[in-house]
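Observations on the model geometry
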Amino acid sequence: MRTIIEPFKIKVVEPIRMTTRGERLECLRAAGYNVFRLRSEDVIIDLLTDSGTAAMSADQWAGVMRGDEAYAGSRSFYRFEETVRRVFGFEQVIPTHQGRAAERILFSTVCRPGHVVPNNTHFDTTRANIEASGARAVDLPIAEGRIPSLPHPFKGNLDVGALERLIGEVGAARVPLCMLTVTNNAGGGQPVSMANLRAVSQVCRSHGIPLYIDACRFAENAYLIKLREEGYAARSVAEIAREMFSCADGCTFSAKKDGLANIGGFLATNDARLAELERDLLILTEGFPTYGGLAGRDLEAIAIGLEEVLHEDYLQYRLASVRYLGEHVFREGVPIVQPPGGHAIYIDAAAFLPHVPPQELPGQSLVAELYVEAGIRGVEIGTVMFGRTDPETGAEEAASMELVRLAMPRRVYTQSHVDYVVEAVLNVWERRSRIGGFRIEHQAPVLRHFTARFAPLYPFGS
Ligand SMILES: *Cc1c(COP(=O)(O)O)cnc(C)c1O
């Protein structure tokens, strides 16, 4: 059979409220043109993020009912811990309410001012938490990773030569850890190869630098290794995942991604002494070490989700639906990051709107247009998210890429939803020459994209 179907039946449905173009224009205006400020009931297809938006399975909901809500020593914690040890291979498992809490605990334990933390590309919360500790976050993607249109099977790879040069320059003593984000979210949802994981691991080990994996999309990365890397076609995704983590000393994880859960995360390591310091911090801000800011039912849902995410029929469908979206818009000329990644399509807004300069926020324009066109909510990953306004001159410092991410929630939308998105993207593509830019009207000093207000520089939506 040629058609890859959704490998599930629908048992519970959530109605979508349909809106008119006029209503959407009004909603967007009221939200300061920032789609983060919209109410979700005013959104038809929500591709803002794949984080915490998965549909849970019947088994996970059954697990929710079985959750043990004991403050200490919850049965659900032990099930969670056993699953994490088996899937990831780390002995010390510290539950947290989401990924960034694991990051904060890790970085505030090991990072100091003057330290440098390399990564293929730091995710926004990762970078912010490293910088909050006084350390510097450095992105070292391979050169191919910076060219959106260039296909490469493992564009998430870290530039090993650049890592060695960085360690040579600053000295290993100032690098408290190195990270690898799988898949590389900020850099296009692109996978990291096993060969690159091994090479980075070797460099780190030779300098005594711990390697941590930002493991949010580990199953999607493992499946892409199976499909694309020589020697892995016959291996199970679970085996490949174990091999990935055997290259590392620990990981941070947001269960809102490949945990197939709506909340949760963890920090894991084999370093018992470090884990003790981390648990002390956990108690201070998250909770007792057998719940870490989560309910027992959440721990159950995550434990079951971590098993389900490794099912290969699920991963095949997942990657097929993302690829389907990418191929259908690319076929009509829409510039996207190639090849499509694991969880999202990234439209190259700089190439989509070449007449809108980075300072006029082309990604923000495209996000606003997609919402007004069809009620689709995507997210800008460009100058709004990663640029900065110079506090003295007020000039916008542009990001290296202007992307719009359309992230697919897990197990939520069907093929006809994806067809609707394709149609909307192509309608906006048709009228791209008449689309103008935006300016920032109000912004917060950090992570400004969440709350900023924008104003269109040209008549909008007419
Ligand atoms: C989502 C994400 C995080 C942070 O996880 P939260 O659960 O949102 O706090 C960290 N790194 C990557 C790559 C992510 O995608």
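Residues numbered from 1 in each chain as written. Predicted model: local features only at pLDDT ≥ 70, side-chain atom pairs only at ≥ 80, totals over all residues. Heavy atoms only, no water.

**Concerning the domain arrangement of the protein chain**
- In terms of domains, the protein chain is made up of domain 1 (21-50 + 311-456) and domain 2 (58-308).
- On a C-alpha basis, the centres of domain 1 and domain 2 stand 26 Å from each other.
- At the interface, 30 residues of domain 1 touch 35 residues of domain 2.
- Summing both partners gives a buried area of about 2600 Å² for domain 1 against domain 2, and 56% of it is carried by carbon and sulfur. (Domains from an automatic or database assignment. Contact = heavy atoms within 4.5 Å. Buried area = accessible area lost by both parts, 1.4 Å probe.)

**Observations concerning the pattern of salt bridges**
- Enumeration according to the criterion identifies 27 salt bridges in this entry.
- Close ionic contact of Asp46 with Arg377 constitutes a salt bridge, the shortest N to O distance being 2.7 Å. A residue pair is termed long-range when its members are at least 10 positions apart, and Asp46 in strand β1 (residues 45-46) and Arg377 in strand β10 (residues 376-377) qualify at 331 residues.
- Accessibility expressed as a relative area gives 6% for Arg377, which makes it buried.
- Taken together, the shared-partner salt bridges in this structure form one network comprising Asp50, Arg217, Glu220, Asp258, Arg318 and Arg410. (Salt bridge = Lys/Arg side-chain N within 4 Å of Asp/Glu carboxyl O. Helix = DSSP H or I, 4+ residues; strand = E, 2+ residues; numbered from the N terminus. Buried < 20%, exposed > 50% of the residue type's maximum accessible area, 1.4 Å probe, protein only.)

**Details of the nonpolar core**
- Among the nonpolar cores identified, the biggest contains 64 residues, and Phe88 and Phe218 are the most heavily contacted of them.
- Here this core spans two domains, and each of domain 1 (21-50 + 311-456) and domain 2 (58-308) adds at least three residues to it.
- When near neighbours in sequence (up to four residues on either side) are disregarded, Phe218 contacts Val87, Phe88, Val182, Ala241, Met244, Phe245, Phe253, Asp258, Leu306, Val309 and Leu310. (Core = buried A, V, L, I, M, F, W, Y, C linked by side-chain atoms within 4.5 Å.)

**Brief notes about the side chain of Asp42**
- Along the polypeptide, Asp42 turns up in the loop between α1 (21-30) and β1.
- Relative accessible area serves as the criterion here: at 11%, Asp42 is assigned to the buried category.
- Once you skip the residues sitting within four places of it in the chain, Asp42 turns out to touch Arg17, Thr19, Cys27 and Tyr371.

**With respect to the packing of aromatic side chains**
- Applying the stated criterion across every chain, the model contains 20 aromatic pairs.
- Judged by centre distance (5.3 Å) and plane angle (75°), the rings of Phe77 and Tyr78 are edge-to-face.
- With a relative accessible area of 4%, Phe77 lands in the buried category.
- Ring centres of Phe438 and Phe460 lie 5.6 Å apart, and the angle between their planes is 65°; this geometry places the pair in the edge-to-face category. Taken together, the residues Phe438 in strand β15 (residues 438-442) and Phe460 in the segment after β16 (453-456) connect sequence positions 22 residues apart. Taken as a pair, Phe438 and Phe460 share a single burial class, namely buried.
- An aromatic cluster of three or more residues is present, and its members are Phe77, Tyr78, Phe80, Phe88, Phe90, Phe218, Phe245, Phe253 and Phe266.
- Over the face of the ring belonging to Phe123 we find Lys257, whose NZ or CZ atom lies 5.3 Å from the ring centre.
- Sitting over the face of the ring of Trp429, Arg432 holds its NZ or CZ atom 3.6 Å from the ring centroid. (Phe/Tyr/Trp six-rings, centres within 6.5 Å; stacked < 30°, edge-to-face > 60°. Lys NZ or Arg CZ within 6 Å of the ring centre and 35° of its normal.)

**Looking at the site of the ligand**
- Gly99, Arg100, Asp214, Ser254 and Lys257 are the nearest of the 15 residues found near the ligand.
- Measuring from an oxygen atom of the ligand, one finds a side-chain N or O atom of Gln98 at 3.0 Å.
- Within the side chain of Ser254, one N or O atom sits 2.7 Å away from an oxygen atom of the ligand.
- Here the ligand has 380 Å² of accessible area as a free molecule, and 98% of this is covered by the chains.
- Secondary structure elements with two or more residues in the shell around the ligand: α4 (99-110) and α5 (124-132).
- When residues of the shell around the ligand are assigned to their parent elements, the largest contribution, three residues, is made by α4.
- A breakdown of the residues in the shell around the ligand according to their chemical character gives two nonpolar, seven polar and six charged. (Near = heavy atom within 4 Å. Polar contact = N/O pair within 3.5 Å; in protein donor to acceptor, adjacent residues only side chain to side chain. Areas by Shrake-Rupley, 256 points an atom, 1.4 Å probe, with all protein chains shown as cover. Nonpolar A, V, L, I, M, F, W, Y, C, P; charged D, E, K, R; others polar.)

**Describing the sheet that holds strand β11 (residues 379-381)**
- Taken in spatial order, the three strands make up an open sheet running β9-β14-β11, and their pairing is antiparallel. Two strands bound the open sheet, and with one partner strand each, they are β9 (344-348) and β11. Within this sheet the neighbouring strands show an average axis-to-axis angle of 30°, counted without direction.
- With five bridges connecting them, β9 and strand β14 (residues 403-407) associate as antiparallel partners. Across the sheet, Asp348 pairs through a bridge with Leu403, a residue of β14. (Pairing = 2+ DSSP bridges. Axes fitted to C-alpha atoms, helices over the stretch in contact; angles between N-to-C directions.)

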